[in-house]
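Breakdown of the fold
Spelled out, the chains give:
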Amino acid sequence: MKIIKYINLIIIMAAIAAIVSCQPQNKKSTAQNKKSTTNIPNRKWWKEAVVYQIYPRSFKDSNGDGIGDLKGIISKLDYVKSLGVNVIWLNPIFASPNHDNGYDISNYRKIMKQFGDMNDFDTLLSEIHRHGLKLILDLVVNHTSSEHRWFKQSRSSRNNSYRNYYHWWPAERGKPAKRYSFFDVNNNAWRYDSTTNAYYLHYFARSQPDLNWENPKVRQAIYKMMRFWFNKGIDGFRMDVIPFIAKDTTFPKMPAKYHGNWAHFYANGPHLHEYLKEMNREVLSKYPNTMTVAEGAGVTIGEALKFVDPARKELNMLYNFDGMSLGYLPGKYKTLDPKGVKLVDFKNVYTRWDSIYEDKGWGTIYLGNHDQPRMVTRWGNDSPQFRALSSKMLTTFLMTMRATPFYYFGDELGMTNIKFDSIQDYEDIETLHEYQHLKNTGGNLKKFLDNQKMVARDNGRTPFQWDTTRNAGFTTGHPWLKVNPNYKTINVAVEEKNPNSVLNYFKKIIRLRKKNLVLIYGRYTLLDKENPDVYAYTRELNGKKDLVLLNFTTHKAQAKLSFDMSKAKLLIDNYSTAQDTNAVKTFTLRPYEAVVFELK
Ligand code: TEU
Ligand code: CA
């Protein structure tokens with residue numbers, strides 16, 4: 001009996017010793033964590049968030065009319081929550097004739113009838129918050145729809161009280177100076193209107209007249225509308241082409257240097273930052289726990305901090321176009337350079353944009369949205385052999401940079417471009433008007449359509465792929481835009497069941513980012529700069545150091561590293577079989593392999 005008692009005593013003692021021994025470790029790691037969290041200046045919830053962009057028209061149709069709607073989104077919030085994302089960005093949900101799918105607003109305080117009504121919105125917002133998520137809406141205030149009552153009044157007569165809500169040029173002064181338009185068939189941003197024998201300005205389509213921000217009544221009306229939505233409880237705004245809102249209303253000739261890059265000219269109006277400071281003073285500062293992100297069209301890296309340096313009290317974040325513009329031939333409408341994009345150029349763009357936020361401000365990062373082709377087609381490889389691997393690799397990049405990821409719905413499944421053959425399949429005003437422009441000017445339509453298979457915005461707008469039922473479970477009706485036929489294999493239902501799916505990898509790497517503040521706030525250092533195949537970088541924070549290695553090619557590739565990899569702890573690998581890390585100096589990556597190591 002005695003011996004048994006002794007043995008029990010020894011076991012108990014050993015157990016206590018074991019617990020005590022891991023205490024200091026726990027104590028150390030808690031202390032280390034505490035240190036690491038306390039040593040991070042300017043922490044903000046929106047810096048630690050992952051934003052998930054939903055194109056409402058294509059997410060989920062609840063009433064069989066073939067168009068996504070708010071009730072459809074409500075029915076899928078458990079799915080959105082399961083991703084691990086924090087913020088939903090909805091593309092415009094306001095009343096609109098949908099010439100530009102909601103970016104032509106006819107009433108800022110009404111829900112687009114195809115999407116539902118204000119009760120649906122109120123339910124959506126409370127359900128989003130109940131799921132522990134946040135909601136940002138799309139603020140489109142550079143222009144309205146020509147069906148907005150302000151414009152109907154404005155165009156009715158020269159002395160109407162809304163006349164100066166828009167930019168008019170009286171015809172008796174002759175033709176106004178050239179301004180380019182994104183969506184006009186003749187690329188002309190001035191439209192003659194016979195009612196008052198004058199031209200009105202539209203940087204986008206003729207049905208998207210530009211608001212006159214030089215008119216304080218316009219600004220106050222916009223601020224009032226913003227308060228309306230903030231008072232409903234939304235958590236912020238994505239601001240559509242906000243850099244374009246200020247204009248020199250004398251409309252001088254555009255300096256020649258801007259003719260190849262007129263968006264940059266548009267983004268440098270005389271009073272732009274006065275207006276953004278006023279917007280902050282009068283609205284944003286009254287809702288301090290919200291976030292704002294500018295769509296930084298035309299903004300160069302040298303101008304970014306003017307928008308997001310906290311000391312300037314303007315906006316929180318901005319997303320730029322330098323990455324998305326890689327690979328296009330200069331001066332030609334969205335024409336891809338057959339030579340493709342060099343990874344070294346890609347690395348330089350993202351490294352430069354990281355560096356400007358070293359001391360102040362905060363970055364964003366994205367590889368797809370409703371204006372872009374699907375990320376895996378544009379930046380990865382959508383062949384059956386490499387689609388899943390390269391999707392995961394690109395997502396690893398987005399989730400391990402020092403910036404708030406803006407992740408586009410469907411990329412978590414590895415959805416691909418649909419690559420329409422015929423112009424009849426397209427819905428997007430940009431593609432249709434560019435096609436008409438080419439037709440009118442004898443351009444090469446076949447070459448245009450081939451190029452659109454890669455670059456057209458509709459590629460990123462095809463219905464979300466839920467399951468293998470008809471129309472991928474998006475609608476019981478006729479979808480407003482064709483469903484990608486690959487939905488049979490690329491969809492939520494199939495991927496939720498596959499532990500190695502793109503979807504489950506997405507959830508896994510978000511968890512990794514959340515658990516490791518070094519991946520959010522850590523200093524970024526590019527390694528092996530000239531490597532044409534591998535993107536290698538470290539992230540460091542309060543003594544922690546992670547290494548990210550991304551192979552952007554279909555073949556094996558090596559990263560020249562100066563770390564002793566034998567001590568490296570593998571955190572995630574997009575291959576289901578991890579590699580032996582005893583290799584020193586060089587680490588051979590398999591095709592499209594993405595790995596994250598903890599070095600210390
Ligand atoms: O985009 C404006 C913009 O700068 C460009 O990306 C433009 O959309 C086009 O793709 C250039 O080729 C914003 C919205 O994101 C876009 O969907 C709207 O069509 C546009 O403004 C007008 O509101
Ligand atoms: Ca519907």
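It should be noted that the structure appears before, not after, this text.
Here is what the cut-offs are and how they apply
- Residues numbered from 1 in each chain as written.
- Chains lettered and ligands numbered in written order.
- Predicted model: local features only at pLDDT ≥ 70, side-chain atom pairs only at ≥ 80, totals over all residues.
- Heavy atoms only, no water.
- Buried < 20%, exposed > 50% of the residue type's maximum accessible area, 1.4 Å probe, protein only.
- Helix = DSSP H or I, 4+ residues; strand = E, 2+ residues; numbered from the N terminus.
- Pairing = 2+ DSSP bridges.
- Donors = N, O, S within 2.8 Å, 3.2 Å for Na, K, Ca; no water.
- Contact = heavy atoms within 4.5 Å.
- Axes fitted to C-alpha atoms, helices over the stretch in contact; angles between N-to-C directions.
- Near = heavy atom within 4 Å.
- Polar contact = N/O pair within 3.5 Å; in protein donor to acceptor, adjacent residues only side chain to side chain.
- Areas by Shrake-Rupley, 256 points an atom, 1.4 Å probe, with all protein chains shown as cover.
- Nonpolar A, V, L, I, M, F, W, Y, C, P; charged D, E, K, R; others polar.
- Parallel < 35°, antiparallel > 145°, perpendicular 65-115°, else oblique.
- Patch = residues over 30% accessible without salt bridge, like charges linked within 9 Å, V, L, I, M, F, W, Y side chains within 5 Å.
- Salt bridge = Lys/Arg side-chain N within 4 Å of Asp/Glu carboxyl O.
- Lys, Arg positive; Asp, Glu negative; His and termini not counted.
- Charge placed at Lys NZ, Arg CZ, Asp CG, Glu CD.

1. A look at the pairing of strand E1 (residues 51-54)
Along E1, one buried face is formed by Val 51 and Gln 53 and the opposite face, lined by Tyr 52 and Ile 54, is buried too. Here E1 pairs with strand E13 (residues 404-408) via three bridges, running parallel. Bridging from a neighbouring strand, Tyr 52 pairs with Tyr 407 of E13. When E1 meets strand E2 (residues 87-90), the two strands line up parallel, connected through four bridges.

2. Topic: the coordination of the calcium ion (ligand 2)
Only Asp 61 (OD), Asn 63 (OD1), Asp 65 (OD), Ile 67 (O) and Asp 69 (OD) from the protein coordinate the calcium ion (ligand 2), and they sit 2.2 to 2.4 Å from it. Motif for the calcium ion (ligand 2), donor spacing along one chain: D-x1-N-x1-D-x1-I-x1-D.

3. A closer look at the sheet that holds E1
Spatial ordering of the open sheet is given by E11-E10-E9-E5-E2-E1-E13-E12, a layout of eight strands whose pairing is parallel. Single-partner strands in this sheet number two, and they are strand E11 (317-319) and strand E12 (364-365). Along the sheet, helix H4 (residues 118-130) makes contact with E2 and strand E5 (134-139), crossing E5 at roughly 135°. The strands that helix H6 (residues 216-232) touches are E5 and strand E9 (236-239); relative to E9, the one it contacts most, it runs at about 135°.

4. What to know about the site of ligand 1
Taken together, 18 residues lie near ligand 1, and Asp 100, Asp 240, His 370, Asp 371 and Glu 430 sit nearest. Asp 240 has a polar side-chain atom sitting 2.8 Å from an oxygen atom of ligand 1. In this structure, Lys 334 approaches ligand 1 through a side-chain N or O atom, which is 3.3 Å from an oxygen atom. Protein chains shield 95% of the accessible area of ligand 1, which is 490 Å² for the free molecule. Residues of the shell around ligand 1, tallied by class, amount to seven nonpolar, two polar and nine charged.

5. A few points about the packing of H4 against H6
The description of two helices packed together rests on the angle between their axes and the distance between the axes. One can describe the packing of H4 onto H6 by two numbers: an axis separation of 11 Å at closest approach and a directional angle of 55°. Taken together, H4 and H6 sit at an angle that is classed as oblique. Judged by residue contacts, Met 118, Phe 121, Asp 122 and Leu 125 of H4 engage Phe 228, Trp 229 and Lys 232 from H6. Residue composition of the contact of H4 with H6, grouped by class: five nonpolar, no polar and two charged.

6. Some points on a positive patch on the surface
Together, Lys 508, Arg 511, Lys 515 and Lys 569 make up a positively charged patch on the protein surface. The greatest single-element share of the positive patch, amounting to three residues, is contributed by helix H17 (residues 502-515). If you trace the backbone, Lys 569 turns up in strand E18 (residues 569-573).

7. Brief notes about the sheet that holds strand E7 (residues 190-193)
An order of E6-E8-E7 is seen for the three strands of this open sheet, with the pairing classed as antiparallel. Only two strands of the sheet have a single neighbouring strand rather than two, namely strand E6 (168-170) and E7. With direction set aside, neighbouring strand axes in the sheet form an average angle of 30°. With four bridges connecting them, E7 and strand E8 (residues 198-201) associate as antiparallel partners. Each residue of the ladder has a partner; that of Arg 191, found in E8, is Tyr 200. Contacting E6, E7 and E8, helix H5 (residues 149-156) crosses the sheet at an angle of about 10° to E6.

Shape descriptors only; they carry no functional weight alone.
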